[in-house]
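Commentary on secondary and tertiary structure
This is what each chain is made of:
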Amino acid sequence: MLEIKNLVVQIEDKRILNGLNLTVNKGEVAAIMGPNGSGKSTLSYVIAGKEDYEVLDGEILLDGQNLLEMEPDQRAAAGVFLAFQYPLEIPGVASMTFLKATLNAQRKARGQEELTTPDFIKRVNAAAQQLEIPKDMLKRALNVGFSGGEKKRMEILQMALLQPSFCILDETDSGLDIDALRIVSEGVNALRSPDRAFLVITHYQRLLNHIVPDTVHVMHAGRIVKTGGKELALELEANGYADYRESEAA
Amino acid sequence: MPAVQETIDQVRLIDVDQYKYGFETEVEMEKSPKGLSEDVIRFISAKKGEPEWMLQWRLDAYKRWLTMKEPDWARVSYDKIDYNDIYYYAAPKKNPAPKSLDEVDPEILKTYEKLGIPLREQEILAGVEPERRVAVDAVFDSVSVATTFKEELAKAGVIFMPISEAIREYPDLVRQYLGSVVPVTDNFFATLNSAVFTDGSFVYIPPGVRCPMELSTYFRINEKNTGQFERTLIIADKGSYVSYLEGCTAPKRDENQLHAAVVELIALDDAEIKYSTVQNWYPGDAEGRGGIYNFVTKRGDCRGRNSVITWTQVETGSAITWKYPSCILRGDNSRGEFYSIAVSNGMQQVDSGTKMIHLGKNTTSRIISKGIAAGRSENTYRGLVSAHRKATGARNFTNCDSLLIGNQCGAHTVPYIESKNATAVFEHEATTSKISEDQMFYCQQRGLSEEEATALIVNGFVKDVLQQLPMEFAVEAQKLISISLEGSVG
């Protein structure tokens, strides 16, 4: 599904990713854990195609397609979805309007027909209900005045509607209380399928109690330094990242 | 097909470069001699078959104009205009005053068809959407070529006709109101217009009548080196209501062309006038060559108690825009509103805003202005809110937002606030923002192209104003804004 080979990335002359290798298979939920500044968010932005990053070497393949040669919207149409740590506000644009515009843009890019309004509304309502999103929230301008929890639920709603094949969750648990964490996690779990892969980026083990990963990667100084099963997350929770820092110092 | 959809489709079909209305129509024209003189004014007046008083009015204006200086306080710069290098009158040669659409030159009708104006009245015959019909007066260079739905409007007592006809048929009405809001001596461009205006629309709504349909005028400059000087006069008598729409386009030219219009609105007791404009004159090319100089004086007089005047404008065209649709709130409890979207791209310069002059008691006004600057354009909001010493309880709310796209454009806000009455309450809010790269990335990540993302964000920015437009115009305006911002990103 997703294959990253020897990825080297810098921003304003500062190296962030240093020859990162990562493979995520179809149907897999992979977690990436690591201390602040290890390059986790950079990785998610580079996969999604944010401009500010300079890719010096390596490649990112999604089902064999070279993502680095594609615009962000083309990557989205190819199936990449990034749930933002800090979702952006779009004043004056009702959430419903935004959802419809993005869904139809992706369908158009894939050569599919645009959805009719009744079909669209049916889908939104079904997804919104599961995420406990009230209808009046869909009428409000996207993310404007939303609480942290509302913003994250809106991200998962978009994911549910767009049905991407490769989902990145960037610190989705940050700023969530216990209830919101449960709702968001259930929303994500409902989307798990043999055809879809997830890359879950997080600091804490907490989220992984709700979204149980198949694999856990530890990232440090722009590289994957250890890979294991879900038990690796528990180990990290107990010991912290100190081991990895020391190994670097040594 | 309903008119709305048809209009949109037709606008979409006209795919000439970025400016979609840059075509020229081949029609044989009759012109006045080039330049401005008493003789030219006599020529125009004679062509229109005007009474003597009208000619005198024009000549007085001309004499006054000769003593005036072109204003230079606006934040715009342009090469000096040679007023003697302009044709002040140009008319399609055949049928200067057509009696019906059949007499109109088919080439002209084709032009309007290309512009997406459903001039033909097939719609009522077909019975499509009878509740949303729009009566259209089309002005081609200096003359009105066709006015639709005349008979039906006449049944309601509404007068809607070219002003040149109104001068002949309703001289008393015209004489009573013409120049009563924008005096002949008002300003350089208004005075010039008073001397040489060639056509425009005249509307009179009798007492208590709610005009049964939207009234609309489409202005088209076609001839080379022609100025368009139209004059619009709308009178809403006691307790009446009218909604009026105005659209403008012009072909592409290398030279700049002058457009100096005057619009006067008069609302008597309990009357309401809604005046909406979608201005899309040719803005010039990427280097700023060509394009229309749009120097327009628009003013409404809330003359009666409880009267309401609302200006709504979507300004996307013109090389230079100098325009301040204003309200004089003379009647007690009268209300003035101004909703504006001004988009500038390329080398366009916009200096636009409004004036709300509070004279009567308990008068209220509201200003919502959204300026969007892209490319290397300059976009200025200039507004005056004033309360006369007798304007007890005057109230104004102003909100001016500017949105910048890219880093070579400018947005400026110049509000003037004068209050001579201690009970007046004026509020002013202003913001300037930029479409952030993060917002763009977020939208693109969800599958929108760069242009779709810009259009969506801009539409969100202007939403408050778009809601004020009649529905069919709102859709058209939304498209126009997207078109004018094409190529502004990246």
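Per the secondary structure count, chain A includes 10 helices and 10 strands. For 250 residues, the compact-globule formula gives about 18 Å, and the C-alpha radius of gyration of chain A, at 18 Å, lands near that figure. Along the first, second and third principal axes, the C-alpha atoms of chain A reach 60 × 40 × 35 Å. Sequence separation of at least 24 residues holds for 73% of the intrachain contacts in chain A that already meet a minimum separation of 6.

A word on the overall build of chain B. Across its full length, chain B holds 12 helices and 23 strands. Here chain B holds 490 residues, and 56% of them are scored as buried. Long-range pairs, those at least 24 residues apart, make up 83% of the contacts in chain B between residues at least 6 apart in sequence.

All names here are of chain B. All of the buried residues along helix α2 (residues 38-47) are Val 40, Ile 41, Ile 44 and Ser 45. Looking straight down α2, one finds that the buried residues subtend no more than 135° of arc, so they occupy a single side. Exposed side of α2, more than 90 degrees from the buried face: Asp 39 and Ala 46 are the residues found there. Buried residues along α2 sit against α3 (52-66) and α9 (188-196). Positive phi appears at Gly 49, one or two residues downstream of α2, with a value of about 60°.

Ile 168 of chain A together with Val 203 and Ala 267 of chain B are the most contacted members of the largest nonpolar core, which has 191 residues in total. Ranked by the residues each element gives to this core, the list is headed by helix α11 (residues 450-466) of chain B, at 9 residues.

What follows is about helix α3 (residues 95-109) of chain A. The terminal C-alpha atoms of α3 of chain A lie 21 Å apart, and with 15 residues this matches the ideal 21 Å at 1.5 Å per residue to within 8%. Check the buried side of α3 of chain A and you find it contacts α2 (72-78), α4 (117-130), α5 (135-139) and α6 (148-162) of chain A together with α11 of chain B. Of the residues flanking the end of α3 of chain A, it is Gly 111 of chain A, one or two places downstream, whose phi is positive at about 80°.

Positioned with a positive phi, Asn 6 of chain A is a non-glycine residue whose angle comes to about 45°. Along the polypeptide, Asn 6 of chain A turns up in strand β1 (residues 2-11). Asn 6 of chain A gets classed as exposed once you count the C-beta atoms within 10 Å, which come to 12. One non-glycine residue, Asn 362 of chain B, lies in positive phi territory at about 50°. Note that Asn 362 of chain B resides in the loop between β18 (349-358) and β19 (364-373).

Looking now at the interface of chain B and chain A. Contacts between the two partners involve 18 residues from chain B and, on the opposite side, 21 residues from chain A. Elements supplying a minimum of two residues to the side of chain B that touches chain A: α10 (437-445) and α11 of chain B. Tallied by class, residues from the side of chain B that touches chain A come to 6 nonpolar, 7 polar and 5 charged.

Next up on the list: the sheet that holds strand β8 (residues 197-202) of chain A. All names here are of chain A. Read from one edge to the other, the open sheet built from 6 strands follows the order β6-β7-β8-β3-β9-β10, with strand pairing classed as mixed. Each having just a single partner strand, β6 (80-83) and β10 (223-228) make up the two edges of the open sheet. Taking the axes of each pair of neighbouring strands and ignoring which way they run, one obtains an average angle of 20° across the sheet. Strand contacts of helix α1 (residues 40-48): β3 (29-33), β6, β7 (166-170), β8 and β9 (215-220), with the helix running at about 145° to β7, the strand carrying the most contacts.

Let's shift gears to the pairing of β6 of chain A. In summary, the side chains of a regular strand alternate between the two faces of the sheet. Residue and element names in this part refer to chain A. Burial along β6 is two-sided: Val 80 and Leu 82 and Phe 81 and Ala 83, pointing in opposite directions, are all buried. As judged from the 4 bridges shared by β6 and β7, these two strands associate in the parallel manner. Within β7, the position partnered with Ala 83 by the bridge is Leu 169.

The subject of this paragraph is the environment of Ile 47 of chain A. Residues and elements named next belong to chain A. Mapped onto the elements of the fold, Ile 47 is located in helix α1. Its 22 C-beta neighbours within 10 Å are what place Ile 47 among the buried residues. In sequence terms Ile 47 and Ala 77 are 30 residues apart; their C-alpha atoms lie 13 Å from each other.

As a further point, take the packing of α3 of chain B against α9 of chain B. Residue and element names in this part refer to chain B. Put simply, α3 and α9 touch, their axes get as near as 7 Å, and they point 145° apart. Where α3 crosses over α9, the two elements pack in a sense that is left-handed. Contact residues: Arg 58, Ala 61, Tyr 62, Arg 64 and Trp 65 in α3; Thr 191, Leu 192, Ser 194 and Ala 195 in α9. Of the residues assigned to the contact of α3 with α9, the class counts are 5 nonpolar, 2 polar and 2 charged.

All names here are of chain A. Pairing is antiparallel across the open sheet formed by 4 strands, whose spatial order is β2-β1-β4-β5. Either end of the sheet is taken by a strand with one partner, and the two such strands are β2 (14-24) and β5 (65-66). Bridge count between strand β4 (residues 54-62) and β5: 2 bridges; the pairing is antiparallel. In the sheet register, Leu 61 faces β5, and the bridge partner there is Asn 66. Most of the contacts of α1 go to β2, to which it runs at about 70°, and overall it touches β1, β2 and β4.

Now for the environment of Arg 395 of chain B. Residues and elements named next belong to chain B. The residue Arg 395 is located in strand β21 (residues 395-404) in this model. In this structure the C-alpha to C-alpha distance between Arg 395 and Val 414, which are 19 residues apart in sequence, comes to 19 Å. Aside from chain neighbours lying at most four places away, what touches Arg 395 is Thr 364 and Val 425.

Here the focus is the confidence of the model for chain A. Mean pLDDT over chain A works out to 92, with 98% of the residues at or above the 70 mark. Across chain A, element-level confidence peaks in β6 of chain A with a mean pLDDT of 97 and bottoms out in helix α10 (residues 242-249) of chain A with 63.

A separate point is the packing of α2 of chain B against α3 of chain B. Residue and element names in this part refer to chain B. Put simply, α2 and α3 touch, their axes get as near as 10 Å, and they point 150° apart. The orientation of α2 with respect to α3, classified from their angle, is roughly antiparallel. The interaxial crossing formed by α2 with α3 has right-handed handedness. On α3, the residues touching Glu 38, Ile 41, Arg 42 and Ser 45 of α2 are Met 54, Leu 55, Arg 58, Leu 59 and Tyr 62. Residue composition of the contact of α2 with α3, by class: 5 nonpolar, 1 polar and 3 charged.

On to the pairing of β9 of chain A, then. Residue and element names in this part refer to chain A. Counting buried residues in β9 gives 5 out of 6 residues, a clear majority hidden from the surface. Note: β9 against β10, 5 bridges, orientation antiparallel. Looking across to β10, one finds that Val 218 is bridged to Lys 226. Counting the residues between successive antiparallel strands, the hairpin from β9 to β10 contains 2 residues, one of them, Ala 221, with a positive phi of roughly 50°.

What follows covers the confidence of the model for chain B. Residue and element names in this part refer to chain B. Residues at a pLDDT of 70 or more form 78% of chain B, whose mean pLDDT is 81. Taken together, the stretch residues 118-132 has pLDDT below 50 and engages in 23 contacts with residues farther than four places along the chain or on a different chain. Among the prediction metrics, the complex's ipTM stands at 0.96, with pTM recorded as 0.80.

Assignment of secondary structure puts Phe 441 of chain B in helix α10. Taking the number of C-beta atoms within 10 Å as the measure of exposure, Phe 441 of chain B has 21 and is therefore buried. In the structure, Phe 441 of chain B is positioned 12 residues away from Ala 453 of chain B in sequence and 8.9 Å away in space, judged by C-alpha atoms. Every residue in contact with Phe 441 of chain B, bar those within four places of it in the chain, is listed here: Lys 50 and Pro 72 of chain A.

Criteria and cut-off values
Residues numbered from 1 in each chain as written. Chains lettered and ligands numbered in written order. Predicted model: local features only at pLDDT ≥ 70, side-chain atom pairs only at ≥ 80, totals over all residues. Helix = DSSP H or I, 4+ residues; strand = E, 2+ residues; numbered from the N terminus. Rg over C-alpha atoms; globule rule 2.2 N^0.38 Å. Contact = placed C-beta atoms within 7 Å. Buried ≥ 20, exposed ≤ 12 C-beta atoms within 10 Å, placed from the backbone. Arc of directions from axis to C-beta. Core = buried A, V, L, I, M, F, W, Y, C linked by C-beta atoms within 7 Å. Expected span 1.5 Å × (residues − 1). Nonpolar A, V, L, I, M, F, W, Y, C, P; charged D, E, K, R; others polar. Pairing = 2+ DSSP bridges. Axes fitted to C-alpha atoms, helices over the stretch in contact; angles between N-to-C directions. Left-handed = near helix turned anticlockwise from the far one by under 90°. pLDDT = per-residue confidence, 0-100. Parallel < 35°, antiparallel > 145°, perpendicular 65-115°, else oblique.

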